[in-house]
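# Reading the structure
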Amino acid sequence: MIRPLLLKPQWMNGLSERLLVSHYENNYGGALRRLNAIRARLAALDWARTPAFEINGLKREELIAAGSVILHEVYFDSLGGHGDSPPTGLAEPPAALAQALERDFGSVMAWRAEFTSMAKALAGGSGWAILAWSERLGRLVNQWAADHAHALSGATPILALDMYEHAYHLDFGAKASAYVDQLMTNLNWDRIGARYRLAIGEGAREDELFLPYGAPTQEEARISAEELKAALENDGDRRPILLDLCLPRDLPRRIDMLAGASMHAPAVLPRWVEDLPRGRPIVVYCICGFQVSGTAVKELRQRGYNARALVGGITAWHAIGGTTVPLDASTYEEVA
Ligand SMILES: [Fe+2]
């Protein structure tokens, strides 16, 4: 299943929304779609009758796609500000991770110098710079990876820096080194620290840290893009009503919507809410599934509606290959 973006793509330091969303929807989403298609093919395979070259091809592609999915998730989860705030560029690793970096690299600065140099050395080619925890080596390692399938056996990635050209070319052209420096000012050390605690077996799953800011915390108030796709195949009363919520300031960021959705301004919810039929499931979405849909779903549920927020918003919908229609803002309310 697709993971939502946790970073706010319009608010990053020196990384454009266009770059981040294209990377998420096309490269991460593309890898996930490829992985699911390969796994469906493998599930239907008659292993005893399939030629070796076909098995080799499918299993190789499965490994590459799965590596790409997992590393892109580590990459995107590691970026962004805290809560509603953009990244400051000043944040440092939390104490436990800082101590581990000091123990294994001499200092946080020394780790950073090695990590960024390793990433910059991949410029002109492609691959990943990975900070990983190795249980066998008993330490954090900076691991070089020439492709999605390169990994130190048994190690858990804590932080992954994408050095494929698609990760920076739109904003930086061929200046991969400037991209690396800019990326390092956008790290979310809270989430990287949580990932480290989990890797060494000391953390509990910190689910809220890995939910988009403002998304409903109760699971029954959320719906994944994949679940929505299946739900929209229902007919009649079981088919969810789709509400597209957008802040006035975000309208210029929008070009499309889900077929059959109606668009509303969240600020004037009492004006449009009473037209909604009761007894039908309602799915609310916004751009990325942060507080715009989260707050509306909370209000709708308090009023007794069976409403759920689309996890990751229309951005996650695009990433799973969901179809859309051109934006129709004719139902959008004037907001005083
Ligand atoms: Fe990528």
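Residues numbered from 1 in each chain as written. Predicted model: local features only at pLDDT ≥ 70, side-chain atom pairs only at ≥ 80, totals over all residues. Heavy atoms only, no water.

It is worth spelling out the nonpolar core at this point. Judged by nonpolar contacts, the single largest core of 105 residues is most densely connected at Leu140, Leu161 and Tyr179. Looking at this core element by element, the count peaks at 9 residues for helix H1 (residues 17–43). What Leu140 contacts, discounting residues up to four positions off in sequence, is Leu97, Ala100, Leu101, Asp104, Phe105, Leu131, Ala132, Trp133, Ile158 and Tyr196. (Core = buried A, V, L, I, M, F, W, Y, C linked by side-chain atoms within 4.5 Å. Buried < 20%, exposed > 50% of the residue type's maximum accessible area, 1.4 Å probe, protein only. Helix = DSSP H or I, 4+ residues; strand = E, 2+ residues; numbered from the N terminus. Contact = heavy atoms within 4.5 Å.)

Inspection of every chain in the model, using the stated rule, returns 13 salt bridges. Between Lys8 and Asp84 there is a salt bridge, and its shortest N-O distance comes to 2.9 Å. Separated by 76 residues along the polypeptide, Lys8 in the segment before H1 and Asp84 in the loop between helix H2 (52–77) and helix H3 (95–105) bring together distant segments of the chain. Members of the salt-bridge network, linked through shared partners, are Glu17, Arg249, Asp250 and Arg253. (Salt bridge = Lys/Arg side-chain N within 4 Å of Asp/Glu carboxyl O.)

This brings us to the side chain of Asp244. Summarising the element assignment, Asp244 is placed in strand S5 (residues 241–245). Setting aside its immediate chain neighbours within four residues, Asp244 contacts Arg254, Met257, Ala261, Ser262, Met263, His264 and Tyr285.

On to the side chain of Gln143, then. Counting through the fold element by element, Gln143 comes out in strand S2 (residues 139–145). A distance of 3.4 Å separates the side chain of Gln143 from the backbone oxygen of His150, its partner in a polar contact. Apart from residues no more than four positions distant in its own chain, Gln143 is found in contact with Met118, Trp128, Ala129, Ile130, His150, Ala151 and Leu152. (Polar contact = N/O pair within 3.5 Å; in protein donor to acceptor, adjacent residues only side chain to side chain.)

What follows is about helix H10 (residues 291–302). Helical periodicity: at 3.6 residues per turn, an α-helix aligns residues three or four positions apart in one direction. Between its terminal C-alpha atoms H10 stretches 16 Å, which fits the 16 Å expected from 12 residues at 1.5 Å a residue. If you follow the buried residues of H10, they end up packed against S5, helix H9 (269–273), strand S8 (282–285) and strand S9 (307–310). A positive backbone phi angle near 90° is found at Gly304, which sits one or two residues after H10. (Expected span 1.5 Å × (residues − 1).)

Bringing the coordination of the iron ion into the picture now. Within the protein, the iron ion binds to His23 (NE2), His72 (NE2), Asp162 (OD) and His166 (NE2); these donor distances fall in the range 1.9 to 2.1 Å. Classification of the site at the iron ion rests on its 4 donor atoms, whose angles at the metal span 89 to 135°, yielding the label tetrahedral. Going along the chain, you hit the donors of the iron ion in the pattern H-x48-H-x89-D-x3-H. With a relative accessible area of 28%, His166 lands in the partly exposed category. (Donors = N, O, S within 2.8 Å, 3.2 Å for Na, K, Ca; no water. Tetrahedral: all angles 85-135°; square planar, octahedral: opposite > 155°, others 65-115°.)

With respect to topology, 5 strands assemble into an open sheet ordered S4-S9-S8-S5-S7, the strand pairing being parallel. The open sheet has two free edges, formed respectively by strand S4 (222–223) and strand S7 (262–264), since each of these has just one partner strand. Of the pairings in the sheet, the one linking S8 to S9 comprises 3 bridges and is parallel in character. Across the sheet, residue Val284 finds its bridge partner in S9, namely Ala309. Docked against the sheet, H10 engages S5, S8 and S9, running at close to 175° with respect to S9. (Pairing = 2+ DSSP bridges. Axes fitted to C-alpha atoms, helices over the stretch in contact; angles between N-to-C directions.)

Spatial ordering of the open sheet is given by S2-S1-S3, a layout of 3 strands whose pairing is antiparallel. Looking at the sheet topology across the chains shown, the edges are occupied by S2 and strand S3 (156–162). Shown here is a sheet whose adjacent strand axes are inclined to one another by a mean of 20°, direction ignored. Summarising the sheet, strand S1 (residues 128–134) and S2 pair through 7 bridges and their orientation is antiparallel. Paired with Ile130 across the bridge in S2 is Gln143. Here H2 sits on the sheet in contact with S1 and S3, set at roughly 80° to S3.

Turning to the packing of aromatic side chains, a few remarks are in order. Two measures describe an aromatic ring pair: the distance that separates the ring centres and the angle between the ring planes. Under the defined criterion, the tally for this structure stands at 10 aromatic pairs. The rings of Tyr24, Tyr28, Tyr75, Phe76, Trp128 and Tyr164 are connected pair by pair, giving a single aromatic cluster. Here Arg139 stacks its cationic end above the ring of Phe105, 5.1 Å away from the centre of that ring. (Phe/Tyr/Trp six-rings, centres within 6.5 Å; stacked < 30°, edge-to-face > 60°. Lys NZ or Arg CZ within 6 Å of the ring centre and 35° of its normal.)

A word on the packing of H1 against H2. Helix-helix packing is characterised by the crossing angle of the two axes and by the distance between the axes. Viewed as axis vectors pointing N to C, H1 and H2 meet at an angle of 145°, and their least axial separation amounts to 9 Å. For H1 against H2, the interelement crossing comes out left-handed. Contact residues: H1 offers Leu20, His23, Tyr24, Asn27, Tyr28, Ala31, Leu32, Leu35, Ile38, Arg39, Arg41 and Leu42, while H2 offers Leu58, Lys59, Glu61, Glu62, Ala65, Ala66, Ser68, Val69, His72, Glu73, Tyr75 and Phe76. A class-by-class count of the residues in the contact of H1 with H2 yields 14 nonpolar, 4 polar and 6 charged. (Left-handed = near helix turned anticlockwise from the far one by under 90°. Nonpolar A, V, L, I, M, F, W, Y, C, P; charged D, E, K, R; others polar.)

Below, the discussion takes up the pairing of S3. Of all the 7 residues making up S3, 5 are buried; the element is thus mostly covered by neighbouring parts of the structure. In this sheet, S3 lies alongside S1 in antiparallel orientation, the contact comprising 6 bridges. Bridged to Ala132 within S3 is Pro157.

This part covers helix H6 (residues 176–184). For H6, the full list of buried residues reads Ala176, Tyr179, Val180, Leu183 and Met184. Projected down its long axis, H6 carries its buried residues within an arc of 130°, all on one side. Looking at the packing, one finds that the buried side of H6 touches H2, helix H4 (108–121), S3 and helix H5 (169–172). (Arc of directions from axis to C-beta.)

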